[in-house]
Amino acid sequence: MVDLLKRTDFGASVNVKGWVRTRRGNKQVNFIALNDGSTIKSVQVVVDLAQFSEDVLKLVTTGACLSVNGLLVESPGQGQQAEIHAKEIEILGAADPATYPLQKKGHTLEYLREIAHLRPRTNTFGAVFRIRHHMSMAIHTFFHERGFFYFHTPIITASDCEGAGQMFQVTTLNLYDLKKDDQGSIDYSNDFYGRQASLTVSGQLEGELGAMALGSIYTFGPTFRAENSNTPRHLSEFWMIEPEVAFNEIEENMQLAEDFIKYCVQWALDHCKDDLDFLASMYDKELIERLNFVLANDFVRLTYTEGVSILEEAVKNGQSFEYPVFWGADLAAEHERYLVEKHFKRPVILTDYPKEIKSFYMKQNDDGKTVRGMDVLFPKIGEIIGGSQREEDLEKLTRRAEEMGVPTKDIWWYLETRKFGTAPHSGFGLGFERLILFVTGMANIRDVIPFPRTPRNADF
Ligand code: 4AD
Ligand code: MG
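Residues numbered from 1 in each chain as written. Chains lettered and ligands numbered in written order. Predicted model: local features only at pLDDT ≥ 70, side-chain atom pairs only at ≥ 80, totals over all residues. Heavy atoms only, no water.

### Overview of helix α4 (residues 204-214)
Formally: Residue burial is assigned from relative accessible area. The probe radius is 1.4 Å, only protein chains are included, and a residue is buried under 20% of its type maximum, exposed over 50%, and partly exposed in between. Strands are runs of DSSP state E lasting at least two residues, helices are runs of H or I lasting at least four, and both sets are numbered from the N terminus onward. What makes two residues a contact is simply this: any of their non-hydrogen atoms within 4.5 Å.
Residues Gln204, Leu205, Glu206, Gly207, Glu208, Gly210 and Ala211 constitute the buried set of α4. On the buried face of α4, the contacting elements are β7 (156-157), β10 (216-224), β11 (237-246), α11 (412-419) and β16 (425-431).

Structure below.
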């Protein structure tokens, strides 16, 4: 359809297949808007009712799937250059008007989440999922062009990369008949892997192994977090892109992050114009402006300490936050968004966080208090990227892991990269759905992944 709508060889015989969006007209002529998902635009099929039997026509209802043979004709109507004058209509699949849930336009996004099996057929979700595809292509192209290798890290793992204890366990043990040892602990020696295993929260640890051999790698895969966060920005199954680069220090890591996001945003403007225009008109009038703004401006870079000072100053001047700000506190989305939307009015990269609120693997600064972590903060989203320079010193890394209660015996292989030919290296993780939120202007992360997984929800 995307190609057909551009054709100008009027008079040609064509076939189109797709789903009926609307049907309107009078007693002589009907107009069917048929959409096959390849573009937001539907093709207009013009039907001279006298030429078709009532048996066929009565099945041409919203949601039905048709194959239409006809003539390509220059359209007199506005908004399309070609339409099809139907010669034959075959009903591939009828859709009972009494029960098809997508009868009218203007269903709420909440309602559409309950029919996630059908919502890809709406203009909104067609647009979002096409953009999601294009963003995947942008990501692979960006890294491929820069000589990065796509490195596949495991989904099932026995280590907790972020050390936050938010892992989904993977087991084949019979939960009705769990064997425990004398201490009452579960005996995993009979489990599938002979030990406790989980779904990964991040491919970083294995990604670092790749970077310490191939130089520059990236991962792009599903990650899982059993955190009980019911917010518009959290999923329990989300996709993450994690580049890892040998010899990069934190400054180069920041530059890579900024170049990467800008490349993706530019790609969306170049490849997804129709869908972006539709989403802008429906949900977010400032969408295109915001995308262009991100492209045109450098991201602000400052330390966590400077960021906290700005927030404390704001509080002194009457700004109120739900959560308190003080040096050492983990910043909440409201604090991040204040810095981005109110104070600097552009994307911000915060660095050098207190070591207590960051993971064990981040490179320790000489002050003994902070680590070389970085978060990229975005308008409307808050944290879109989290990353760091990694601690390359075996002794410092081991000590920090022990201090934070990370079982070093489980990550002996990770620690060996520091034992054998260690090198400075850095990387970060971009939450794919948070990028899609930003690019589409959608407000809820449940609406940018086809089948969202959130606490108490694994339908479809
Ligand atoms: O900041 P996070 O936890 O960092 C890591 O996992 C590092 N291992 C990344 C690295 O350095 N290679 O997560 C990275 C990003 C966040 O900035 C956010 O965009 C996204 O992943 N993210 C989530 N997205 C949706 N739902 C969730 N529950 C998310 N948790 C993190
Ligand atoms: Mg983070």
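### Concerning the packing of helix α10 (residues 394-403) against α11
Rules: The axes used here are C-alpha line fits, helices contributing only the stretch in contact, and every angle between their N-to-C directions lies in the interval 0 to 180 degrees. Angles below 35 degrees are treated as roughly parallel, those above 145 as roughly antiparallel, those between 65 and 115 as roughly perpendicular, and all remaining angles as oblique. Three categories are distinguished: nonpolar for Ala, Val, Leu, Ile, Met, Phe, Trp, Tyr, Cys and Pro, charged for Asp, Glu, Lys and Arg, and polar for the others, with Gly belonging to the last.
Contact geometry of α10 with α11 gives a least axis separation of 9 Å together with a crossing angle of 155 degrees. One element, α10, and the other, α11, form an angle in the roughly antiparallel class. Packed against α10, whose contacting residues are Leu394, Leu397 and Thr398, the element α11 presents Tyr414, Leu415, Arg418 and Lys419 at the interface. Looking at the contact of α10 with α11, its residues break down into four nonpolar, one polar and two charged.

### Section: the sheet that holds strand β8 (residues 169-170)
Put simply, the rule reads: Two strands pair if DSSP finds at least two bridges between them.
Read from one edge to the other, the open sheet built from three strands follows the order β7-β9-β8, with strand pairing classed as antiparallel. With one partner strand each, in any of the chains shown, β7 and β8 form the two edges of the open sheet. With two bridges joining them, β7 and strand β9 (residues 197-199) adopt antiparallel strand pairing. From the neighbouring strand, Thr157 faces β9, where its bridge partner is Ser198.

### Concerning the packing of aromatic side chains
Both the distance between ring centres and the angle between the ring planes are used here to describe each pair of aromatic rings. Condition: Put simply, two rings from Phe, Tyr or Trp (the six-membered ring, in Trp's case) pair if the centres are within 6.5 Å, and we call them stacked under 30 degrees between planes, edge-to-face over 60, tilted for the rest.
Scanning the entire structure with this criterion turns up 21 aromatic pairs. Where Tyr150 meets Tyr218, the ring centres are 5.1 Å apart and the plane angle is 15 degrees; that geometry is what we call stacked. In this pair, Tyr150 is assigned in strand β6 (residues 149-150) and Tyr218 in strand β10, connecting sequence segments 68 residues apart. On the basis of relative accessibility, which here comes to 35%, the residue Tyr150 falls in the partly exposed class.

### Some remarks on the sheet that holds β6
Across the sheet, eight strands lie side by side as β6-β10-β11-β16-β15-β14-β13-β12; this open sheet has mixed pairing. Edge positions in the sheet fall to β6 and β12 (300-303), since each has one partner strand and no second. Bridge analysis of β10 against β11 gives nine bridges, and the strand direction is antiparallel. Residue Thr223 lies in a different strand from β11, and its bridge partner there is Phe238.

### Re the environment of Ala94
On the secondary structure map, Ala94 appears in the loop between β5 (82-93) and α2 (109-114). For Ala94 and Ala64, which are 30 residues apart along the polypeptide, the C-alpha to C-alpha distance reads 4.5 Å. In this structure Ala94 touches Leu59 and Ala64, once residues within four positions along its chain are discounted.

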